[in-house]
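# A closer look at the structure
Residues per chain are reported as follows:
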Amino acid sequence: MRFLYVAPRYHTNQTDIMKGLIEHGHEVCFISHYAAMIEDYSYVTPIVLGYSTLYRLIDFLYVKVIHRRRPEAIVYKIQHGFPPLRKLRKLICDFAPDIVILRERSVYSMAAYLVCRKKGYPCILYNQNPLWSEPAGRDFVHRIADRLSPGMRMTPVMGVKKPGMSVKENDYFVPFIMEPRRAPEERRYYADDTIHILCIGKYEPRKHHLMLLQVVEELLQKEKGGAATDREAHDCSAGRIHVTLVGEATMPFQKENCGLVRQYVADHHMEDIVTVKTNVPRSEMEAEYLAADLYVIPSTREMASVSQLEAMSYSLPVICSDTNGTACYVEDGVTGYQFRDCDREDLQRRLGTMLSDRERMKAMGAAGYRAVVEKYNYDKYYGAVMQMREKLLERQEN
């Protein structure tokens, strides 16, 4: 079958999906708005179509003139940018897809949907809004957006069932998938009698690198009676620990935040227990996971991170925020722990509990690996997409 994806960029959380489709004999075309600095094209190389000439002018004025002092203005184009329509139409029609996955209710995706609807290509909307959600807005803008977007939606975010929330009839939970990377019996733990903590995330304030370092420092101080800032204070009740931070620092504000992290490490004499790495190629990430014993993702406002699932595929226990969109992948007390979002004390409590029992850590890592094998595999993804496609085709026939 021919799978067409249209998305702002080719994200690393798509890699194992692309691998599964290609290895099972399917053809994939991936159209993206732009390319990021760090992407994995091992299985699919996206067609970077970009934006129309008119929108590039609008974007220049918006980012460089009107909002030149706001770094976040650069993301405006993800929702509002529109494509070169003729080129987009030709790409879609030449490929003649059997199924189309459109990312977000954006102007770009709406343009692609209009082309596909006219040609009769079945389309699914993919976004990371929770499955359990409040009723959608019925104002004019929302109604127009609904009319110009696929009626069938899939999301990797389960969300939390609360009063007033429901699952819409045409919404499906389709989790990220991940190939099992390393079974617990096939890897080594606690090299040099040290618990190695790994944290991956772009160097942005919301990723809370500094909060994690503060928590580690406080745990050491608690054990050492306030001597944790000395270069000899490396251990707590669980033994020696080491933290490795890995993240992207390509944009000016990311480089600035990375500088703050490095400065904190230097000011608090943590150079021998903290390693700060930037822009590590995807091909080298396996070594980082295999060198780790625990994965911590302390960030806030995390729509749907895939890194904890990747950590589980390497048999690592995970600690993440309870508001992380994919926190449901971490079963609290079984494959890791969830801590209250932005709560430094709760993160410290959870991390301290985790570090206090190495055997429990290994058991949680093994449970995470089993979850990847049983729940987050290619067959689950493909089966769900095919089920949605069949429903769309039935509707077309009726």
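Bear in mind the structure is a predicted one, so any value in this text is a computation, not a measurement. (Residues numbered from 1 in each chain as written. Predicted model: local features only at pLDDT ≥ 70, side-chain atom pairs only at ≥ 80, totals over all residues. Heavy atoms only, no water.)

## Brief notes about the overall build of the chain
Applicable threshold: Numbering of helices and strands runs from the N terminus; a helix is a DSSP stretch of H or I covering at least four residues, while a strand is a stretch of E covering at least two. The buried label applies to any residue whose accessible area, calculated with a 1.4 Å probe on protein chains only, is under 20% of its type's maximum; exposed applies above 50%, and partly exposed to all values in between. To measure how exposed things are, a 1.4 Å probe is used in the Shrake-Rupley method; for residues, cover is taken only from the protein chains shown. A positive count includes Lys and Arg, and a negative count includes Asp and Glu. His and the chain ends are not counted in either. The atom standing in for a charge is NZ when the residue is Lys, CZ when it is Arg, CG when it is Asp and CD when it is Glu.
The helix and strand tally for the chain stands at 13 helices and 14 strands. For the chain, the C-alpha atoms occupy an extent of roughly 70 × 50 × 45 Å along the three principal directions. The burial tally for the chain puts 52% of its 398 residues in the buried class. Split by element, the accessible area of the chain, about 18800 Å² in all, is 52% carbon and sulfur. Each charge sign in the chain was given a centre, from 54 positive and 52 negative side chains, and these centres are 8 Å apart.

## Some thoughts on unusual backbone geometry
The phi torsion of most residues other than glycine is negative, and most of the peptide bonds are trans. The backbone phi angle of Asp 192 is positive, close to 60 degrees, even though this residue is not glycine. Inspection of the secondary structure puts Asp 192 in the loop between strand 7 (171-173) and strand 8 (194-200). Classification of Asp 192 as exposed rests on a relative accessible area of 62%. Within the chain, His 208 stands out as a residue other than glycine whose phi angle is a positive 60 degrees. By the element assignment, His 208 lies in the loop between strand 8 and helix 7 (209-224). Classification of His 208 by relative accessible area gives buried; the value is 15%.

## Things to note about the packing of helix 4 (residues 85-95) against helix 5 (residues 107-119)
Test applied: Throughout, an axis means a line fitted to C-alpha atoms (over the contacting stretch in the case of helices), and angles, computed between N-to-C directions, take values from 0 to 180 degrees. Roughly parallel covers angles under 35 degrees, roughly antiparallel covers those over 145, roughly perpendicular covers 65 to 115, and oblique covers all other angles. By convention the crossing between two helices is left-handed if the near helix lies anticlockwise of the far one by an angle smaller than a right angle, and right-handed if it lies clockwise. Two residues qualify as a contact provided that any one of their heavy atoms is within 4.5 Å of a heavy atom in the partner residue. When residues are sorted by character, Ala, Val, Leu, Ile, Met, Phe, Trp, Tyr, Cys and Pro go into the nonpolar class, Asp, Glu, Lys and Arg into the charged class, and all the rest, Gly among them, into the polar class.
Axis separation between helix 4 and helix 5 bottoms out at 10 Å; the angle between their running directions is 45 degrees. With respect to helix 5, the element helix 4 is oriented oblique. In this structure, the crossing between helix 4 and helix 5 has a hand that is right-handed. For the pair formed by helix 4 and helix 5, the contact residues are Leu 85, Leu 88, Arg 89, Ile 92 and Cys 93 on the first element and Ala 111, Ala 112, Val 115, Cys 116 and Lys 119 on the second. Looking at the contact of helix 4 with helix 5 residue by residue, the class counts come to eight nonpolar, no polar and two charged.

## Focus: the sheet that holds strand 6 (residues 153-155)
The following threshold applies: Here, a strand pair is defined by DSSP locating no fewer than two bridges between the strands.
One open sheet holds the seven strands; their spatial order is 3-2-1-4-5-6-7, and the pairing between them is parallel. The open sheet has two edge strands, strand 3 (47-48) and strand 7, and neither has a second partner. With two bridges joining them, strand 5 (residues 123-126) and strand 6 adopt parallel strand pairing. Paired with Tyr 126 across the two strands is Met 154, which belongs to strand 6.

## Side note on a positive patch on the surface
Threshold: Residues enter patches when their relative accessible area tops 30% and they take part in no salt bridge; the joining distance is 9 Å for like charges and 5 Å for the nonpolar side chains Val, Leu, Ile, Met, Phe, Trp and Tyr. Salt bridge, as used here: a side-chain nitrogen of Lys or Arg that lies within 4 Å of a carboxyl oxygen of Asp or Glu.
There is a patch of like positive charges on the surface, built from Arg 86, Arg 89, Lys 118 and Lys 119. Counting only elements with at least two residues in the positive patch, the list comes to helix 4 and helix 5. For Arg 89, the position within the fold is in helix 4. In this structure Arg 89 comes out as partly exposed when scored by relative accessible area, which is 42%.

## Some thoughts on empty space enclosed by the protein
The condition that has to hold: Using a grid of 1 Å spacing that covers the protein atoms alone, one calls a set of points a cavity when a 1.4 Å probe fits there but cannot get out, and a pocket when the set is open and has protein on both sides within 12 Å along at least five of seven lines; lining residues are those with an atom within 4 Å of a point. Grid points are joined across faces, edges and corners, and a volume is the space filled by probe spheres set on the points.
Taken as a whole, this structure holds two cavities of 30 Å³ or more when the rule is applied. Each pocket or cavity is described by its volume, and for the largest cavity that value is around 90 Å³. The residue inventory of the lining of the largest cavity, partitioned by class, reads 10 nonpolar, one polar and no charged. Here the second largest cavity defines a volume of roughly 50 Å³.

## What about the layout of surface pockets?
The volume enclosed by the second largest pocket comes to roughly 1100 Å³. Considering the residues around the second largest pocket, the lining is formed by 49 residues, among which Asn 129, Pro 130, Ser 133, Arg 153 and Asp 171 are closest to the centre. Listed by contribution, the elements that provide at least two residues to the lining of the second largest pocket are helix 5, helix 6 (140-147) and helix 13 (378-397). For the lining of the second largest pocket, the element with the highest residue contribution is helix 6, accounting for five residues. Grouping the constituent residues of the lining of the second largest pocket by class yields 20 nonpolar, 15 polar and 14 charged.

## Quick look at the packing of aromatic side chains
Inclusion rule: Aromatic pairs are defined between Phe, Tyr and Trp rings, using the six-membered ring for Trp, whenever the two ring centres lie within 6.5 Å; interplanar angles under 30 degrees are classed as stacked, those over 60 as edge-to-face, and all others as tilted. For a ring to carry a charge above it, either NZ of a lysine or CZ of an arginine must fall within 6 Å of the ring centroid while also lying within 35 degrees of the normal to the ring plane.
Applying the stated criterion across every chain, the model contains 14 aromatic pairs. An angle of 65 degrees between the planes, with centres 5.3 Å apart, marks the rings of Tyr 55 and Phe 82 as edge-to-face. Placement of the pair is Tyr 55 in helix 2 (residues 53-66) and Phe 82 in the loop between helix 3 (76-80) and helix 4, with a sequence separation of 27 residues. When its relative accessible area of 2% is taken as the criterion, Tyr 55 is described as buried. With relative accessibility at 26%, the residue Phe 82 sits in the partly exposed group. Aromatic pair Tyr 189 and Tyr 190: ring centres 5.9 Å apart, planes at 40 degrees, arrangement tilted. Here Tyr 190 falls in the buried class, since its relative accessible area comes to 12%. Members of the aromatic cluster, each reached through a chain of ring pairs, are Tyr 5, Tyr 10, Phe 30 and Tyr 41. The cationic tip of Lys 77 hangs over the ring face of Tyr 34; the distance from NZ or CZ to the ring centre is 5.8 Å.

## A closer look at the confidence of the model for the chain
Worth spelling out the cut-off: Confidence scores per residue from the predictor, reported as pLDDT, run from 0 to 100.
Confidence in the prediction of the chain, expressed as mean pLDDT, is 93, and 96% of residues score 70 or more. Contacts from residues 227-234, a stretch scored under 50 in pLDDT, to residues over four places away or in other chains number 20 contacts.

## Thoughts on the side chain of Ser 52
With respect to the helices, strands and loops of the structure, Ser 52 is situated in the loop between strand 3 and helix 2. For Ser 52, a relative accessible area of 11% translates into the label buried. If near-sequence neighbours (up to four positions away) are discounted, Ser 52 is found in contact with Phe 82, Pro 83 and Pro 84.

## Let's talk about the pairing of strand 5
Looking down a regular strand, the side chains alternate between one sheet face and the other. Here strand 5 shows no split at all, with Cys 123 and Leu 125 on one side and Ile 124 and Tyr 126 on the other all buried. As defined by bridge partners, strand 4 (residues 99-103) adjoins strand 5 across four bridges and the pair is classed as parallel. Residue Ile 101 lies in a different strand from strand 5, and its bridge partner there is Ile 124.

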